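# A structural walkthrough
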Amino acid sequence: MPALDPGRTALVLVDLMERIVALPLAPRPGGDVLAAAGRLAETFRTAGAPVVHIRVERPGVDTQPPGSDLVAALVRPGDEVVVKRTIGGFQDTGLDELLRSRGARTLVLGGIATNLGVESTARAAADLGYDLVFAEDAMTALTADEHRASVQLDFPRLGTVADTAAITLDGTE
């Protein structure tokens, strides 16, 4: 995979929240996803490319469930945080405007769950004209079959699927 332009690329990490990362997940546990996402985020930060974290809030409730914060070790100063109230990250969140203001035309996606938040965000991004790269080892789902269906059947129709080790930005190889 060729190196991506850090001036036109953003990392978008979906729902890496304490309570979601702690779920029984497959094909890999949440801790493995966090490690891969963390390495990728450092690559983006080093290159000066945006890192965007999306977290969900349940609408219509006064208090979110325990563990609804992003995993603190993943978020760094300068990262962006977007709050969504739907499955995908674009609906009424300002995400598109944020990404465009940072010059992003390519999105590298990761998060939990592959077939829900990540895929819904990816479909909307594709509709908005973004080029997509899926960091396969920086995502997981509730079952291995759900993850596999997205990664093998759906994502190749929307963009490029790659391991995080293959995703580089100009000047960071």
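Now for a quick tour of the structure. (Residues numbered from 1 in each chain as written. Predicted model: local features only at pLDDT ≥ 70, side-chain atom pairs only at ≥ 80, totals over all residues. Heavy atoms only, no water.)

### Some details on the nonpolar core
- If you look at the biggest cluster of nonpolar residues, it comprises 31 residues, and the most contacted ones within it are L11, L16, L40, F44, V108, I112 and I167.
- The set of elements that each furnish at least two residues to this core consists of β1 (9-14), α1 (18-21), α2 (30-47), β2 (51-56), β4 (106-112) and β5 (131-140).
- It is α2 that contributes the most residues to this core, seven residues altogether.
- Apart from the residues within four sequence positions on either side, V108 is in contact with L4, T9, A10, L11, V12, L40, F44, V133, A135 and I167.
- Among the nonpolar cores identified, the runner-up in size contains 22 residues, and I54, L99, A125 and M139 belong to it. (Core = buried A, V, L, I, M, F, W, Y, C linked by side-chain atoms within 4.5 Å. Buried < 20%, exposed > 50% of the residue type's maximum accessible area, 1.4 Å probe, protein only. Helix = DSSP H or I, 4+ residues; strand = E, 2+ residues; numbered from the N terminus. Contact = heavy atoms within 4.5 Å.)

### Regarding the packing of helix α4 (residues 114-127) against helix α5 (residues 144-158)
- Contact geometry for α4 and α5: axes closest at 10 Å, N-to-C directions at 10 degrees. As summarised for this structure, α4 and α5 are arranged roughly parallel, according to the angle between their axes. From α4, T114, N115, V118, E119, A122, R123 and A126 reach across to α5, where they touch E146, H147, S150, V151, D154, F155 and L158.
- Taken together, the residues that form the contact of α4 with α5 break down as six nonpolar, four polar and four charged. (Axes fitted to C-alpha atoms, helices over the stretch in contact; angles between N-to-C directions. Parallel < 35°, antiparallel > 145°, perpendicular 65-115°, else oblique. Nonpolar A, V, L, I, M, F, W, Y, C, P; charged D, E, K, R; others polar.)

### Concerning the layout of surface pockets
- Roughly 240 Å³ of internal volume is contained in the largest pocket.
- Every residue lining the largest pocket is listed: D15, I20, L23, V56, K84, T86, I87, I112, A113, L116, G117 and L142. (1 Å grid on protein atoms, 1.4 Å probe; cavity = no way out; pocket = protein on both sides within 12 Å on 5 of 7 lines; lining within 4 Å. Points joined across faces, edges and corners; volume = space filled by probe spheres on them.)

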